[in-house]
Amino acid sequence: MRQDGLPPGKATELPGYLNQITDPVQMELLGNITVEILRQERRLTRTAICLKLVGRIDASHDPEEERHLRALLGMLFKRER
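Here is a short report on the structure shown in this document. Every value quoted in this text rests on a predicted model; they were computed, and no experiment measured them.

Procedures and definitions
- In this convention, every chain numbers its residues from 1, walking through the sequence in written order.
- With pLDDT at 70 or above as the cut-off, local features in this predicted model cover only qualifying residues; side-chain atom pairs require 80 or more to be listed or tallied, and sums for whole chains, interfaces and linings still use all residues.
- The side-chain numbers reported here are obtained from all heavy atoms of the structure, hydrogens and water having been left aside.
- Per the convention used, a helix needs a DSSP run of H or I reaching at least four residues, while a strand needs a run of E reaching at least two, with both numbered from the N terminus.
- Burial here depends on accessible area, computed with a 1.4 Å probe over protein chains only, as a share of the maximum for the residue type. Under 20% is buried, over 50% is exposed, and the range in between is partly exposed.
- Contacts between residues were defined by any pair of non-hydrogen atoms, one from each residue, lying within 4.5 Å.
- Only the protein chains shown count as cover for residues, and all accessible areas are computed by the Shrake-Rupley method using a 1.4 Å probe.
- Here the expected length of a helix is defined as 1.5 Å per residue gap, with one fewer gap than residues.
- Each direction from the helix axis to a C-beta atom contributes to the arc, which is the arc of those directions.
- We call two N or O atoms a polar contact when they sit within 3.5 Å, provided that within protein one can donate a hydrogen and the other can accept it, with sequence-adjacent residues counted only if both atoms are side-chain atoms.
- Axis angles are defined between N-to-C directions and span 0 to 180 degrees, where every axis is a line fitted to C-alpha atoms and, for a helix, only to the segment in contact.
- Put simply, angles under 35 degrees are roughly parallel, angles over 145 are roughly antiparallel, angles from 65 to 115 are roughly perpendicular, and the rest are oblique.
- It is the rotation of the near helix from the far one that decides the hand of a crossing: anticlockwise by less than a right angle makes it left-handed, clockwise makes it right-handed.
- Residue polarity follows a fixed list, in which Ala, Val, Leu, Ile, Met, Phe, Trp, Tyr, Cys and Pro are nonpolar, Asp, Glu, Lys and Arg are charged, and the others, Gly among them, are polar.

### Observations concerning the overall build of the chain
Within the chain, the regular secondary structure consists of 4 helices and 0 strands. What you see in the chain, going N to C, is helices and strands ordered as α-α-α-α. Looking at the chain as a whole, 27% of its 81 residues qualify as buried. Partitioning the intrachain contacts of the chain with sequence separation of at least 6 by distance along the chain shows that 51% fall at a separation of at least 24. On the chain, roughly 5800 Å² of surface is accessible, and the fraction owed to carbon and sulfur atoms is 55%.

### Some remarks on helix α4 (residues 63-77)
Given a rise of 1.5 Å per residue, 15 residues ought to cover 21 Å, and the 21 Å separating the end C-alpha atoms of α4 matches this to within 8%. Burial in α4 covers these residues: His68, Leu69, Leu72, Leu73, Met75 and Leu76. Along the axis of α4, the buried positions cluster into a sector of 160°, meaning they face one direction only. Those residues of α4 that are exposed and aimed more than 90 degrees away from the buried face are Pro63 and Phe77. The backbone nitrogen of Glu64 has a side-chain oxygen 3.2 Å away, supplied by the residue at the start of α4, namely Asp62.

### Some details on the environment of Thr45
Tracing the sequence through the fold places Thr45 in the loop between α2 (24-39) and α3 (46-59). Among the residues examined, Thr45 registers a relative accessible area of 28% and is labelled partly exposed. Considered as a pair, Thr45 and Thr34 are 11 residues apart in the sequence and their alpha carbons are 9.6 Å apart. One polar contact links the side chain of Thr45 to the main-chain amide nitrogen of Ala48, over a distance of 3.1 Å.

### Details of the packing of α3 against α4
Look at α3 against α4: their axes get within 10 Å of each other, and the N-to-C directions meet at 155°. As far as their axial angle goes, α4 and α3 are roughly antiparallel. Viewed along their axes, α3 and α4 form a crossing whose handedness is left-handed. Judged by residue contacts, Arg46, Ile49, Cys50, Leu53, Val54, Arg56 and Ile57 of α3 engage Glu66, Leu69, Arg70, Leu72, Leu73, Leu76 and Phe77 from α4. Counted by class, the contact of α3 with α4 contains 10 nonpolar, no polar and 4 charged residues.

Encoded structure:
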């Protein structure tokens, strides 16, 4: 049995998502979101990242930042087969 409690197929989804990001601005945004989630002592999951991205999109007043956030959200839901 797996120690992290994730089904075998789910264990590679988040790292696969992270490997898609090549834009430095997107990396920084995702890094900030990751730190925020971990400081709240929450598990780093796709759902947690998604909620933070949506919240930041909603609060954003900068079109460029919103574009980067939407791109990250789009990558989160894109499934590689």
